[in-house]
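What follows is the residue order along each chain.
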Amino acid sequence: QLDDRIYDVAIVGAGPAGSICATLIARAGFSVLLIDKEPFPRDKACGDLLIADSFAALRRVHLLDAVKAAAHAMPVSRVYSPSKIFFDIPGEYLGIKRRVLDTILVRKAVEAGAILVHAVAQKVLDGENADVVIEAANTNFRIRAKLAVLATGSVNDLAQRAGIAEQCKPSAVAIRTYVESDFDEDVIILAYIKEILPGYGWIIPVGNKTYNVGCGITYARTDNGHHHLKKQLEKFLETFPPAIELMKNGKQVYHIGGASLRCGLAG
């Protein structure tokens, strides 16, 4: 239940960016309303891999330990060339499903004092008293705040309607599924192999003998962003030796999900 007060900040999008933003602002003593179109826990198509810059971001807001406790740690990322020659990059890597990661981060925001609501934000408008108004599809009144933050990832409809960003294509598109397997390679595998170029494929352990398996492609390399990605994924599983081994000892346990990736905005 929402009241009719004016919040200090309203944040649209409760993924990692929105939730961490809400946590920091709430910790500073301001009132924060965190809005997401889906209830948590919720799925998000992703590679489920955290690397060094993610660690740095989580460490700065004192959330890294909570994430590490729920994640699968790996010491090596293995990269395959188009000729199937590989090299290893030692480091610290975490495999964690976005369903788990995002739920941890949104709970930390609520613990810090943010109010989480399930609503579909449709418009962000200028208010009457130097505030902003968010119109939501499934609420009976308009949400008012001194400041709005749009943390909606690759979806920039709200930013377009507010006149602060232009329409531009996402940068890339990717699909993934989950496989349960007795595959014994506990390393991240990234494959730039001929069979799926100009795309790439991956096998990422997320713990409990479960692997995130997928492939992606940049929009810049093709007129059709999806570029028959499902066929590319099939090729990857049928022709790439580690993927063949993975499937020989396992089975697909989840549907194929996809997502667009946006690296930057225009306007």
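Residues numbered from 1 in each chain as written. Predicted model: local features only at pLDDT ≥ 70, side-chain atom pairs only at ≥ 80, totals over all residues. Heavy atoms only, no water.

**Remarks on the side chain of threonine 177**
- Positionally, threonine 177 belongs in strand 10 (residues 172-181).
- We classify threonine 177 as buried; its relative accessible area is 2%.
- Side-chain polar atoms of threonine 177 contact the side chain of glutamine 252, separated by 3.2 Å.
- Within the structure, threonine 177 has its side chain in polar contact with the backbone oxygen of tyrosine 254 (distance 2.6 Å). (Helix = DSSP H or I, 4+ residues; strand = E, 2+ residues; numbered from the N terminus. Buried < 20%, exposed > 50% of the residue type's maximum accessible area, 1.4 Å probe, protein only. Polar contact = N/O pair within 3.5 Å; in protein donor to acceptor, adjacent residues only side chain to side chain.)

**Some thoughts on helix 4 (residues 98-112)**
- Between its terminal C-alpha atoms helix 4 stretches 21 Å, which fits the 21 Å expected from 15 residues at 1.5 Å a residue.
- Listing the buried residues of helix 4 in full gives Arg98, Leu101, Asp102, Thr103, Ile104, Leu105, Val106 and Ala109. (Expected span 1.5 Å × (residues − 1).)

**A look at the packing of aromatic side chains**
- A full pass over the atoms with the stated rule returns seven aromatic pairs.
- Seen from their ring centres, tyrosine 80 and phenylalanine 86 are 5.2 Å apart, and the 50° between their planes marks the pair as tilted.
- By relative accessible area, tyrosine 80 is classed as buried at 9%.
- In this structure phenylalanine 86 comes out as partly exposed when scored by relative accessible area, which is 41%.
- Aromatic pair phenylalanine 183 and tyrosine 211: ring centres 5.7 Å apart, planes at 75°, arrangement edge-to-face. Here phenylalanine 183, found in the loop between strand 10 and strand 11 (188-191), pairs with tyrosine 211, found in strand 13 (residues 210-218); they are 28 residues apart in sequence, far enough to count as distant.
- Aromatic ring contacts, followed pair by pair, group Tyr80, Phe86, Phe236 and Phe240 into a single cluster.
- Lying over the aromatic face of tyrosine 178, lysine 97 brings its terminal NZ or CZ to 4.5 Å of the ring centre. (Phe/Tyr/Trp six-rings, centres within 6.5 Å; stacked < 30°, edge-to-face > 60°. Lys NZ or Arg CZ within 6 Å of the ring centre and 35° of its normal.)

**Observations regarding the packing of helix 1 (residues 16-27) against helix 4**
- Helix 4 packs onto helix 1 with a crossing angle of 20° between their chain directions and a minimal axis gap of 8 Å. Comparing their axes, helix 4 and helix 1 come out roughly parallel. Between helix 1 and helix 4 lies a crossing whose hand is left-handed. Each of Pro16, Ser19, Ile20, Ala22, Thr23, Ala26 and Arg27 in helix 1 lies in contact with helix 4, whose residues at this interface are Arg98, Leu101, Asp102, Leu105, Val106, Lys108, Ala109 and Ala112.
- When its residues are assigned to classes, the contact of helix 1 with helix 4 shows nine nonpolar, two polar and four charged. (Axes fitted to C-alpha atoms, helices over the stretch in contact; angles between N-to-C directions. Parallel < 35°, antiparallel > 145°, perpendicular 65-115°, else oblique. Left-handed = near helix turned anticlockwise from the far one by under 90°. Contact = heavy atoms within 4.5 Å. Nonpolar A, V, L, I, M, F, W, Y, C, P; charged D, E, K, R; others polar.)

**Observations regarding the packing of helix 6 (residues 229-239) against helix 7 (residues 241-248)**
- Where helix 6 meets helix 7, the closest approach of the two axes is 5 Å, and the angle between their N-to-C directions is 85°. Compared by their axis directions, helix 6 and helix 7 come out roughly perpendicular. Packed against helix 6, whose contacting residues are Phe236, Leu237, Glu238 and Thr239, the element helix 7 presents Pro241, Ala243, Ile244 and Met247 at the interface.
- Of the residues in the contact of helix 6 with helix 7, the class split is six nonpolar, one polar and one charged.

**Focus on the pairing of strand 13**
- The buried fraction of strand 13 is high, at eight of nine residues.
- Sheet topology places strand 10 next to strand 13; nine bridges connect them, and they run antiparallel. Each bridged residue has a counterpart across the sheet, and for glutamate 180 the counterpart in strand 13 is threonine 210.
- Alignment of strand 12 (residues 200-207) against strand 13, held across seven bridges, turns out to be antiparallel. Following the sheet pairing, tyrosine 200 is matched in strand 13 by glycine 216.
- Adjacent in sequence and paired antiparallel, strand 12 and strand 13 are bridged by two residues, among which asparagine 208 carries a positive phi angle near 55°. (Pairing = 2+ DSSP bridges.)

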